[in-house]
Amino acid sequence: MRRFLPVLIILAVAIVTAATAAWFYHEKMRPDAPKPSPALATDSATKPSSTIPPDIAAPADPVPAVDSLHVRGAAGAPVTLEVYGDFQCPSCAKTTEIIADLEKSYGSKLRVVFHEFPLAMHAHALEAAMAAEAAGVQGHFWEMHDALYKYQDVWSKASNPGRFFAAYAETMGLNPAQFQADLQSVQINSQIKTQGDAGVARGVRNTPTLFINREEVKGIFDPVSMRSAIDAALAGKKGT
């Protein structure tokens, strides 16, 4: 028995050492309990509500949620015209002119929702979308939207369109430092991607793609066809 006693003592020490080492390892590798973030620890009563209009937020067809939409027109308008657009798309610029005239003609009967859908084939489309969204941070999305389409032939051919975007922002009275910072915003870039992904989920592939009361508009976007589509939507609303 005495012959095996040293061996037993060594084995016991080895077992205790291994167990202790294992305990320290798990304690070291175990993540600390997450601390609540002040930004997330808000009461539901104080949490800002979504800016998505009710009939856009819960359409019949599945549309991924978007944190913010750009809406122009009366909230209770019977016809909602959604536009998936690319600021460097020539057809989008022409369609935007038609839509502007329709907004004047139909007044409170029509509201327009714009969704970002910059195409990879256009070198400056994403930059332009960032400029529009950056202006939107300061409450001037639609002004930048209109300027980008109006002067598309100018900035779209420039090697550095950013200087034109900065000039447009200046004429709108935007804070230049904030505008430049938002042009590089990862969050804004993510919002643009989210809007594009939502469009893809609805079957959007090209620009411009239009929806009137959630139904995609097919065919050529000329003034006559557009008016016919809006009138049909108005007639449908009256019949329900």
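Residues numbered from 1 in each chain as written. Predicted model: local features only at pLDDT ≥ 70, side-chain atom pairs only at ≥ 80, totals over all residues. Heavy atoms only, no water.

(A) Quick peek at the overall build of the chain. Secondary structure summary: the chain contains ten helices and five strands in total. Within the chain, the proportion of its 240 residues that are buried is 38%. Residue pairs in contact within the chain that sit at least 24 positions apart in sequence constitute 79% of those at least 6 positions apart. As displayed, the chain offers around 14,600 Å² of accessible surface, 60% of which is attributable to carbon and sulfur atoms. (Helix = DSSP H or I, 4+ residues; strand = E, 2+ residues; numbered from the N terminus. Buried < 20%, exposed > 50% of the residue type's maximum accessible area, 1.4 Å probe, protein only. Contact = heavy atoms within 4.5 Å. Areas by Shrake-Rupley, 256 points an atom, 1.4 Å probe, with all protein chains shown as cover.)

(B) Representation of unusual backbone geometry in the model. Here T207 and P208 are connected by a cis peptide whose omega angle stands at -5°. Here P208 lies in the loop between α9 (186-201) and β4 (209-212). Residue R214 is not a glycine yet carries a positive backbone phi of 75°. Examined against the element boundaries, R214 turns out to sit in the loop between β4 and β5 (215-216). Among the residues examined, R214 registers a relative accessible area of 28% and is labelled partly exposed.

(C) Just the side chain of T80, in detail. For T80, the position within the fold is in strand β2 (residues 79-85). Separated by 2.8 Å, the side chains of T80 and R111 make a polar contact. (Polar contact = N/O pair within 3.5 Å; in protein donor to acceptor, adjacent residues only side chain to side chain.)

(D) Looking closely at the packing of helix α4 (residues 125-137) against helix α5 (residues 141-150). The contact between α4 and α5 brings their axes to 7 Å, and the two run at 150°. As the angle between them shows, α4 and α5 are arranged roughly antiparallel. Within the contact between the two elements, α4 uses A128, A131, A132, E133, A135 and G136 and α5 uses F141, M144 and L148. (Axes fitted to C-alpha atoms, helices over the stretch in contact; angles between N-to-C directions. Parallel < 35°, antiparallel > 145°, perpendicular 65-115°, else oblique.)

(E) Expanded view of the sheet that holds β2. With respect to topology, five strands assemble into an open sheet ordered β1-β3-β2-β4-β5, the strand pairing being mixed. Each of the sheet's edge strands pairs with one partner strand only, and the pair in question is β1 (70-72) and β5. In this structure, β1 lies alongside strand β3 (residues 110-116), joined through three bridges in antiparallel fashion. Its bridge partner lying in β3, R72 is registered against V112. (Pairing = 2+ DSSP bridges.)

(F) Highlighting the nonpolar core. By size, the foremost hydrophobic cluster in this structure holds 47 residues, and its most contacted members are L81, F87, M144, L148, Y168 and F179. Counting residues per element, this core draws most heavily on α4, at seven residues. If sequence neighbours within four positions are ignored, L148 has contacts with F87, A128, A132, W155, F165 and Y168. Grouped together as the second largest cluster of nonpolar side chains are five residues, Y84, F117, L119 and V204 included. (Core = buried A, V, L, I, M, F, W, Y, C linked by side-chain atoms within 4.5 Å.)

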